[in-house]
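Now for the letters of each chain:
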Amino acid sequence: MNSSPKKSLADKLKSLGVKVGATEHPRPKPAEHTPIESVVPGDYRQTHYGETFVYEQRYPLNHLHGDIPLLPTTPLPDLLSAWAKDERISRLPIEKFVFFDTETSGLAGGTGTYAFMVGAGRFEGDEFILAQFFLRDPSEEPAMLEALAEFIAPCEILVSYNGKSFDAPLLQTRYRLHEMPIPFQDYAHLDLLHLARRLWRDRLTSRTLQSIEEHILSVGRTSEEVPGYEIPYLYFDYLRDKNAEPMKGVFYHNEIDILSLAALLNHAGTILADPFGEGVNHSLDVIAIAKLFEDLHQWDEAAHLYEHGLEGKLPQEDFMRAVKRLSILQRRRGDIEEAVKWWGRAAEDGHIYAHVELAKHYEHRTKDFVVAKEYVLTALEMVKTEDFPFHEREHWLGELNHRLERLKRKNKSSKKRN
DNA sequence: TTAACGCGGCCGTCGATGAG
DNA sequence: CTCATCGACGGCCGCGTTAA
């Protein structure tokens, strides 16, 4: 064999592909001190509490986020402010809205959690200004809070995603802790999470902001994206070794969240302002909007929307739920004929409540006791089948038998009279 | 005339669910 | 010991109708 007797042990190992010696290993990194300004092109802002880091970006008003422009194309409808219970939402111009989102040291509430980054966006002139405030060190918190207060000062309306239960209370706690005035104290607060739930609860399996982006706004996040649950750890790592490099992904995550808030408000405003229009592509969305009108006592509009939605394609379960709501709505509106029509449709489908409603109708309104009894008997048949849910059966049996007894009496006495 | 009944509005409760 | 909000649901109450 050719193996040379002169080769050192290290050489032999090397030729076998084994790495030997300290110099072959990646150097254990000493603190790199990559500062934040070499990661994102931000600058520093002076406050009464010292300086704070802020990264400001400006977008033109026609900037598209996914499919949707940032600037609302239509005025926000009264329906939206009625739902959010604050007139300012449909009255004030878009410049009065501030879209905000925090990145925090964790999800747990209480005083232990703080925001190390706050992103805020607002319209000014022909631009959308996005400002991202960042704590190079937790001691800069008062300075950041003051800079944030200054940024949102021209506004009167907060727009957030779950900010009512998370971001706003958290920031409030931090302002109080530093004995600073709370800058959004008497602002209106439009929390788009709850609107998204109402609009897409049945169409999407998840209503996280990311899911809304993907399925409603057609926004794709790039490889820069970091998952939300990693964010606190990334920040703790930064605090330990002062390498800001991983913060780039956090800035990106926060930026997309803010842009999505603006785009989502625009989209929601558009479909609520014109629910019959082309912007509404899914019958499930029409039904959801109908429900919104119904809850806000706009019954005529709600009825038209239910009918419009029921014309389209719907999963059977959602179709029947909408039929139930529409039939009860029509009864409330006094359109008994329409109500009876939809109860008939639901009764065909074996829904007990529809049989009960029809029995009520024929007993009390048209006095047709024979027909009423028919519906009660049919319903009793269905309830008595063995695959009928046990707890429901008991409830309906009581109700139906009660009706049946009364109808028997009424039948007798009306026969006597004849 | 009255007692019983059915209806519908209202309110409290419960379980889910997003936020990092 | 998060918390705002929603839909579904059940109980309660006041009103109008009707059988006796």
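Residues numbered from 1 in each chain as written. Chains lettered and ligands numbered in written order. Predicted model: local features only at pLDDT ≥ 70, side-chain atom pairs only at ≥ 80, totals over all residues.

1. Some points on the protein's contact with DNA strand B
Then, number 1: Taken together, 26 residues surround DNA strand B, and among them Leu107, Asn162, Thr208, Tyr229 and Lys360 come closest.
Then, number 2: Elements represented by at least two residues in the surface near DNA strand B include exactly strand E5 (97-104), helix H7 (209-217), helix H8 (231-241), helix H12 (316-333), helix H14 (352-365) and helix H16 (390-417).
Then, number 3: With three residues, the top contributor of residues to the surface near DNA strand B is E5.
Then, number 4: In the surface near DNA strand B, the residues fall into eight nonpolar, ten polar and eight charged. (Near = placed C-beta within 6 Å. Helix = DSSP H or I, 4+ residues; strand = E, 2+ residues; numbered from the N terminus. Nonpolar A, V, L, I, M, F, W, Y, C, P; charged D, E, K, R; others polar.)

2. Things to note about the packing of H7 against helix H9 (residues 247-273)
Then, number 1: Direction vectors running N to C along H7 and H9 enclose 50°, while the axes themselves pass 11 Å from each other. As far as their axial angle goes, H9 and H7 are oblique. Classified by chirality, the crossing of H9 by H7 is left-handed. Note on element contacts: H9 touches H7 through Asp257, Ser260, Ala263, Leu264 and His267, opposite Leu209, Ile212, Glu213, Ile216 and Leu217.
Then, number 2: Looking at the contact of H7 with H9 residue by residue, the classes come out as six nonpolar, two polar and two charged. (Axes fitted to C-alpha atoms, helices over the stretch in contact; angles between N-to-C directions. Parallel < 35°, antiparallel > 145°, perpendicular 65-115°, else oblique. Left-handed = near helix turned anticlockwise from the far one by under 90°. Contact = placed C-beta atoms within 7 Å.)

3. Concerning the domain arrangement of chain A
Then, number 1: The domain architecture assigned to chain A consists of domain 1 (36-273) and domain 2 (283-417).
Then, number 2: Computed from C-alpha atoms alone, the centre-to-centre distance between domain 1 and domain 2 is 45 Å.
Then, number 3: Taken together, the contact between domain 1 and domain 2 spans nine residues of the former and seven residues of the latter.
Then, number 4: Going through the elements one at a time, helix H2 (78-84), helix H6 (192-200) and H9 are the ones with two or more residues in the side of domain 1 that touches domain 2.
Then, number 5: Of all the elements, H2 adds the most residues to the side of domain 1 that touches domain 2, at three residues.
Then, number 6: Split by residue class, the side of domain 1 that touches domain 2 holds six nonpolar, no polar and three charged. (Domains from an automatic or database assignment.)

4. With respect to the environment of His189
Then, number 1: One can find His189 in strand E9 (residues 188-191).
Then, number 2: On the basis of neighbour count, His189 is assigned to the partly exposed category, with 16 C-beta atoms found within 10 Å.
Then, number 3: In this structure, the C-alpha to C-alpha distance between His189 and Trp83, residues 106 residues apart in sequence, is 12 Å.
Then, number 4: Excluding residues within four positions of it along the chain, His189 makes contact with Leu158, Gly163, Lys164 and Ala168. (Buried ≥ 20, exposed ≤ 12 C-beta atoms within 10 Å, placed from the backbone.)

5. Concerning the sheet that holds strand E8 (residues 157-160)
Whenever strands of a sheet pair, they do so through backbone hydrogen bonds, lying parallel or antiparallel.
Then, number 1: What the seven strands build is an open sheet, ordered E1-E2-E7-E6-E5-E8-E9; its pairing is mixed. One side of each edge strand has no neighbouring strand; the edge strands of this open sheet are strand E1 (43-47) and E9. Going across the sheet, the axis of each strand differs from the next one's by a mean of 30°, ignoring polarity.
Then, number 2: Running over the sheet, helix H4 (residues 141-152) touches E1, strand E2 (50-60), E5, strand E6 (115-124) and strand E7 (127-134) and is turned about 35° from E2.
Then, number 3: Relative to E5, helix H5 (residues 167-177) is tilted by about 75°, and along the sheet it contacts E5, E6, E8 and E9. (Pairing = 2+ DSSP bridges.)

6. A closer look at helix H15 (residues 369-384)
Then, number 1: Look at H15: 22 Å from first C-alpha to last across 16 residues, which is about the 22 Å you get at 1.5 Å a residue.
Then, number 2: Considered for burial, the residues of H15 that qualify are Phe369, Ala372, Lys373, Tyr375, Val376, Ala379 and Val383. Buried residues of H15, seen end-on, are gathered within an arc of 160° and therefore sit on one face of the element. For H15, the exposed residues set more than 90 degrees away from the buried face come down to Val370 and Glu381. (Expected span 1.5 Å × (residues − 1). Arc of directions from axis to C-beta.)

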